[in-house]
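# Secondary and tertiary structure notes
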Amino acid sequence: MSREQKQQAISSIKGTRDILPEEARLWQMVEESARKIFELYGFRELRAPIIEPTELFEKGTGASSDIVTKEMYTFTDKGGRSVTLRPEYTPSVVRAIIEHRLDLQPQPLRFYYIGPMFRYDRPQKGRYRQFHQLDVEVFGEKDPAVDAEIIEMAHRLLQAVGVEGVTILVNSVGCPTCRPAYGQALREAAARVKDRLCPDCQRKVEINPLRIFDCKLENCQAAARTFPLINDFLCEDCREHFRQFLIYLDLYHLSYKIEPTLVRGLDYYTKTTFELVVENFGAQNAIGGGGRYDNMVKEFGGPDLCGTGLAIGLERLLLVSKIEAIPQSYAYFAHRGEQAKQASLLAASYFRSCGIPCLLEFKERSLKSHFSRANKIAATWVVIIGEDELAAGEFQLKDMLRSKQYKGSLEQLARIIIDKESSRKSALSKE
Ligand code: HAM
């Protein structure tokens, strides 16, 4: 590409990425594992729009959160409405429940979703402006056993996609009964060290001092270490919920660390919060996080329906996953002459109806050139269709991986490919 052409070329927007076919195959594998596991736990997919009314996140995610104050992709549409590309999924599910009266269905409700989210943050390794989440939400289940079950499910998924070295951080952030007293104690403590805080955190002292714990700046973190901790302020109900939650985590033999400053960056949490972090992974080490939010549905004008859930970042999951793509296997047709080309078209159509992926090339070539082409595109099978084969109704099949040859009708060759491929796949999955 010349310099001039390069200058004219349009690139993707900063913080967004193309997922090219080889990587997309890994995404498909992780998504497939996630769907299977979510469905094992009774979750059903709920697909909400990518674009939502801005107030949904202002009210749900929270007016004092960094997401709402700094990171939303918000614009006015042609109808003069303020709309936002969703920065997270939880408020959308709550909206959908109320809009479609899903609360009338047998509870608990269990929904999952896999898709893109948007946050205008500084891009770096593991942090993008368009990223993807695997999200699960449960509604109408107060029992702390469900908080633990969600974590056990996440743990199962991480194992399935080869993620190791994950630490589960847990905490309780209380509820509207006990949090005001804690908020007051926090505000007083923060006011005492206000001049040591960054301008952003100074603002948070009055609005929501809990958010100071989210700040990544060393000065603010050092100041936050002197703050009172929520554990000492929990009401009896929250204390008991947390105690039971830990009992269930122990039951699953999940090891965890209680992290009393884990308040998470979203305003809606009540009681349980948790995060899945990978050691030695730099600043963006949280591959998933979630917690309980017992008041969001009610605050949106819906019924009194408690909620709890989790989201895992797909990009971060893939960065630490040891999953390896099994390359796609293709049959290639080496045809000579127009009649053979037409026979190849029909043969490929038949193979595909048997579930065999095929690659066709239409250019007339010598047999040698067909084979070098098949090698180049890594075709695993080559079917030779020439005039002699057409006349005899018998075709040659070459297994490119094992350098073996077979002869037979198209039905016989399709059977050979299906048998060999299924034993190859089971050998690869055992590796
Ligand atoms: P969150 O902690 O904001 O929670 O995001 C969940 C996960 O999404 C993070 O742990 C991270 O893996 C990924 N993530 C977040 N921002 C980015 C980014 N800019 N680039 C790449 N990955 C990112 C929530 O979103 C809550 N809605 C989770 C939840 C569900 N709570 C209850 N239910």
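## Looking at the overall build of the protein
Within the protein one finds 16 helices and 16 strands. C-alpha atoms of the protein, sized along the principal axes, occupy 90 × 60 × 45 Å. Looking at the 431 residues of the protein, the share that counts as buried comes to 49%. Within the protein, residue pairs in contact and separated by at least 24 positions form 69% of the contacts whose partners lie at least 6 positions apart. Put simply, the protein has 60 plus and 58 minus side-chain charges, and the middle of one group is 5 Å from the middle of the other.

## Some thoughts on helix α8 (residues 199-207)
All buried positions along α8 are accounted for by D200, C201, K204 and V205. For α8, the buried positions fall inside an angular range of 155° around the axis, keeping them on one side. Structural note: α8 exposes P199 and E206 on the side pointing more than 90 degrees away from its buried face. Check the buried side of α8 and you find it contacts α4 (66-70), α7 (179-192) and α9 (218-224).

## Digging into helix α14 (residues 367-376)
Those residues of α14 lying buried are H370, F371 and A374. Buried residues of α14, seen end-on, are gathered within an arc of 95° and therefore sit on one face of the element. Turned more than 90 degrees away from the buried face of α14, the exposed residues are K368, N375 and K376. Buried-residue contacts for α14 involve β12 (331-335), β14 (381-385) and β15 (395-399). Just past α14, the residue A378 takes up positive phi, approximately 55°.

## Things to note about the side chain of T167
Within the secondary structure, T167 sits in strand β7 (residues 166-172). Within the local environment of T167, its side chain forms a polar contact with the side chain of E279, the two groups lying 2.7 Å apart. Discounting chain neighbours no more than four positions away, the residues touching T167 are K257, E275, L276, V277 and E279.

## Focus on the pairing of β12
Side-chain direction in a regular strand flips from residue to residue, so the side chains alternate between the two faces of the sheet. β12 sits mainly inside the fold: five of its five residues count as buried. Burial of the side chains of β12 extends over both faces: A331, F333 and H335 are buried on one face and Y332 and A334 on the other. Note: β12 against strand β13 (residues 358-359), two bridges, orientation parallel. Bridging from a neighbouring strand, Y332 pairs with L359 of β13. As for the winding sense of the linkage, the β-α-β connection from β12 through helix α13 (residues 338-353) to β13 is right-handed. The pairing of β12 with β14 spans five bridges and is classified as parallel. Paired with Y332 across the bridge in β14 is V382.

## Quick word on the nonpolar core
Generally speaking, nonpolar side chains in soluble globular proteins are found buried as a group. Judged by nonpolar contacts, the single largest core of 52 residues is most densely connected at L46, I97, F111, F139 and F227. Excluding its chain neighbours within four sequence positions, the residues that come into contact with F227 are L186, A189, A190, V193, I212 and F213. Counting 42 residues, the second-largest nonpolar core is a separate cluster that includes V30, F38, I114 and I323.

## Some remarks on the domain arrangement of the protein
When cut into domains, the protein gives domain 1 (12-178 + 234-320) and domain 2 (331-430). One C-alpha centre belongs to domain 1, the other to domain 2; they are set 46 Å apart.

## Considerations on the site of the ligand
Neighbouring residues of the ligand: 26 residues in total, closest E88, Y128, E137, R264 and Y269. Contacts to the ligand include Y128, whose backbone N or O atom sits 2.9 Å from a nitrogen atom. G313 places a polar main-chain atom, nitrogen or oxygen, 3.3 Å from an oxygen atom of the ligand. Considered on its own, the ligand offers 660 Å² of accessible surface; in the complex 95% of this is hidden by protein. Counting residues per element, the ones that place at least two in the shell around the ligand are β6 (130-139), β10 (286-292) and β11 (307-313). The dominant element in the shell around the ligand, judged by the number of residues it contributes, is β10, at six residues. Classifying every residue of the shell around the ligand gives ten nonpolar, nine polar and seven charged.

## Remarks on the sheet that holds β11
One open sheet holds the eight strands; their spatial order is β1-β5-β6-β11-β10-β9-β7-β8, and the pairing between them is mixed. Every other strand in the sheet has two partners, leaving β1 (44-45) and β8 (256-258) as the edge strands with one partner each. The pairing of strand β5 (residues 109-118) with β6 spans ten bridges and is antiparallel. Residue pairing across strands places R110 opposite V138, the latter belonging to β6. Along the sheet, helix α6 (residues 144-160) contacts β5, β6, β7, β9 (272-278), β10 and β11; its crossing angle with β11, the most-contacted strand, is approximately 20°.

## A few points about the sheet that holds β14
Reading across from one edge, β13-β12-β14-β15-β16 is the order of the five strands in this open sheet, with mixed pairing throughout. Edge positions in the open sheet fall to β13 and β16 (404-408), since each of these has one partner strand only. Along the sheet, α14 contacts β12, β14 and β15; its crossing angle with β12, the most-contacted strand, is approximately 165°.

## Considerations on the packing of aromatic side chains
One pass over the full model with this rule turns up 14 aromatic pairs. Between the aromatic rings of Y73 and F118, the centroid separation amounts to 6.5 Å while the plane-to-plane angle is 80°, which identifies the pairing as edge-to-face. In this pair, Y73 is assigned in strand β3 (residues 73-76) and F118 in strand β5, connecting sequence segments 45 residues apart. On the basis of relative accessibility, which here comes to 10%, the residue F118 falls in the buried class.

Conventions used here
- Residues numbered from 1 in each chain as written.
- Predicted model: local features only at pLDDT ≥ 70, side-chain atom pairs only at ≥ 80, totals over all residues.
- Heavy atoms only, no water.
- Helix = DSSP H or I, 4+ residues; strand = E, 2+ residues; numbered from the N terminus.
- Buried < 20%, exposed > 50% of the residue type's maximum accessible area, 1.4 Å probe, protein only.
- Contact = heavy atoms within 4.5 Å.
- Lys, Arg positive; Asp, Glu negative; His and termini not counted.
- Charge placed at Lys NZ, Arg CZ, Asp CG, Glu CD.
- Arc of directions from axis to C-beta.
- Polar contact = N/O pair within 3.5 Å; in protein donor to acceptor, adjacent residues only side chain to side chain.
- Pairing = 2+ DSSP bridges.
- Right-handed = clockwise from strand over helix to strand, strands pointing away.
- Core = buried A, V, L, I, M, F, W, Y, C linked by side-chain atoms within 4.5 Å.
- Domains from an automatic or database assignment.
- Near = heavy atom within 4 Å.
- Areas by Shrake-Rupley, 256 points an atom, 1.4 Å probe, with all protein chains shown as cover.
- Nonpolar A, V, L, I, M, F, W, Y, C, P; charged D, E, K, R; others polar.
- Axes fitted to C-alpha atoms, helices over the stretch in contact; angles between N-to-C directions.
- Phe/Tyr/Trp six-rings, centres within 6.5 Å; stacked < 30°, edge-to-face > 60°.

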